[in-house]
Amino acid sequence: PSVFPDHRDSDLSYVTCGSLVKLLNTKHHVRLHSHDVKYGSGSGQQSVTGVDNADDANSYWQIRGKPERPCQRGVAIRCGQAIRITHMKTGRNLHTHHFSSPLSNNQEVSAFGENGEGDDLDVWTVQCDSDYWEREEAVRFKHVGTDVYLSVTGEQYNHPIRGQREIHGMRSANQHNWWRSMEGVFIQPSQDPVGHDEL
C-alpha cells in the first residue's frame, strides 16, 4: 500500500523531489550538460552546455527544493514550484545572472556553488500545464531572479567542447525553451523517518 494514500504524489508518472534526471530540449534534441570546464568569458564560472550524446554521465541533474524550503524526497514536483537543479557530478547548481552568453549574446547560464549550495540565483520555477510535473510532459524552467527561460537556440562551441550547444536564458517563452525529463532515477516516497529528508 502507498505511504501517501491521499496523494497522487506517489504516482510513477511524475518527476519527484530528489530524482536524478536528464533533461532533453525537445526542439534541438540536446541534453542539459555540465562539466568542470569554466567559461573563458563572462562570469568565468562552470559552463553549462547541451550535448547530443544520450549516455553522458555528466548530464544527470538532481531536482531539489529551495534552500529555505526543501522538498520532501519522493513527493511530486508541482507546476509553479520553485526548485534547484543540481549537477550530480560537480555538485553545482544551474544558475543564471546578468552576463552575456558567449555565442548568442543571450543571458549566460552557468553551474554555481559548492556541494549543492550556491545563492538565490540558483532558483527556477517549473512551468507546466497540469498540477504536477509529469515525466512525459514538456515543461519550461523560468529563472526566479531574472525572469529568463532556460533555452537553446543551436549555437555550437568549438574547442575544447566542440559540437556542444550553448545553453542560455531568453526573455521570451518560445519553442527553444521546452524540456522533457528523460533517463533517470525517479525517487519514490520512502518510509524513512523524516530525519532523512536532507534533499
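Everything numeric here is computed off the predicted structure, so don't read it as measured data.

What counts as what
- Residues numbered from 1 in each chain as written.
- Predicted model: local features only at pLDDT ≥ 70, side-chain atom pairs only at ≥ 80, totals over all residues.
- Heavy atoms only, no water.
- Helix = DSSP H or I, 4+ residues; strand = E, 2+ residues; numbered from the N terminus.
- Contact = heavy atoms within 4.5 Å.
- Areas by Shrake-Rupley, 256 points an atom, 1.4 Å probe, with all protein chains shown as cover.
- Buried < 20%, exposed > 50% of the residue type's maximum accessible area, 1.4 Å probe, protein only.
- Salt bridge = Lys/Arg side-chain N within 4 Å of Asp/Glu carboxyl O.
- Pairing = 2+ DSSP bridges.
- Core = buried A, V, L, I, M, F, W, Y, C linked by side-chain atoms within 4.5 Å.
- Disulfide = S-S within 2.5 Å.
- Phe/Tyr/Trp six-rings, centres within 6.5 Å; stacked < 30°, edge-to-face > 60°.
- Lys NZ or Arg CZ within 6 Å of the ring centre and 35° of its normal.

Our focus in this paragraph is the overall build of the protein chain. Tallying secondary structure elements over the protein chain gives zero helices and twelve strands in all. Put simply, the protein chain runs from its N terminus to its C terminus through helices and strands in the order β-β-β-β-β-β-β-β-β-β-β-β. A fraction of 65% describes how many contacts in the protein chain between residues 6 or more apart in sequence connect residues 24 or more apart. Taken as a whole, the protein chain presents about 9100 Å² of accessible surface, with 46% of it coming from carbon and sulfur.

Moving on, we get to the environment of Gln46. Along the chain, Gln46 turns up in strand S3 (residues 46-51). Classification of Gln46 as buried rests on a relative accessible area of 1%. Residues Gln46 and Ser110, spaced 64 residues apart in sequence, show a C-alpha to C-alpha distance of 5.6 Å. Discounting residues that sit within four places of it in the chain, Gln46 has contacts with Ser34, His35, Asp36, Val37, Lys38, Tyr39, His87, Thr90, Arg92, Ser110 and Ala111.

This part takes up the pattern of salt bridges. Scanning the entire structure with this criterion turns up eight salt bridges. Across the pair Lys38 and Asp36 runs a salt bridge, and its minimum N-O distance is 3.1 Å. Lys38 gets classed as partly exposed once you look at its relative accessible area, which sits at 44%. When its relative accessible area of 55% is taken as the criterion, Asp36 is described as exposed. Among the ionic pairs, Arg165 bridges to Asp52, the shortest N-O distance being 3.6 Å.

Buried residues dominate strand S5 (residues 82-87), accounting for six of its six residues. Residues Ala82, Arg84 and Thr86 line one face of S5 and the alternating positions Ile83, Ile85 and His87 line the opposite face, and both faces are buried. Where strand S4 (residues 61-64) lies against S5, four bridges are found, and the strand directions are antiparallel. If you follow Trp61 over to S5, its bridge partner there is His87. With two bridges connecting them, S5 and strand S8 (residues 124-127) associate as antiparallel partners. Pairing of Ala82 across the sheet is with Thr125, part of S8.

Ranked by size, the top nonpolar core spans 30 residues in total, and within it Leu32, Val48, Leu94, Trp133, Phe141 and Leu150 carry the most contacts. Breaking this core down by element, the ones donating at least two residues are strand S1 (20-25), strand S2 (30-38), S4, S5, strand S7 (107-112), S8 and strand S10 (149-156).

Next up on the list: the state of the cysteines. Per the counting criterion, the structure on display carries two disulfides. With a sulfur-sulfur separation of 2.1 Å, Cys17 is cross-linked through a disulfide to Cys71. Because the sign of the S-S torsion sets the handedness, a value of about 80 degrees for the bond joining Cys17 and Cys71 places this disulfide among the right-handed ones. Pair noted here: Cys17 is in the segment before S1 and Cys71 is in the loop between S4 and S5, with a separation of 54 residues, a long-range link. Judged by relative accessible area, which is 9%, Cys71 ranks as buried.

Tallied over the entire structure, the rule returns two aromatic pairs. Considering the side-chain rings of Tyr14 and Tyr132, the 5.3 Å spacing of their centres and the 55 degrees angle between planes classify their relative orientation as tilted. Linking Tyr14 in the segment before S1 with Tyr132 in the loop between S8 and strand S9 (140-143), this pair joins segments that are 118 residues apart in sequence. Its relative accessible area of 16% is what places Tyr132 among the buried residues. Ring geometry for Trp133 and Phe141: centres 5.4 Å apart, planes at 70 degrees, overall edge-to-face. For Phe141, a relative accessible area of 0% puts it in the buried group. Over the ring of Tyr60 we find Lys22; its NZ or CZ atom is 4.6 Å from the centre of that ring. Above the plane of the ring of Trp178 lies Arg140, whose end atom (NZ or CZ) is 3.7 Å from the centre.

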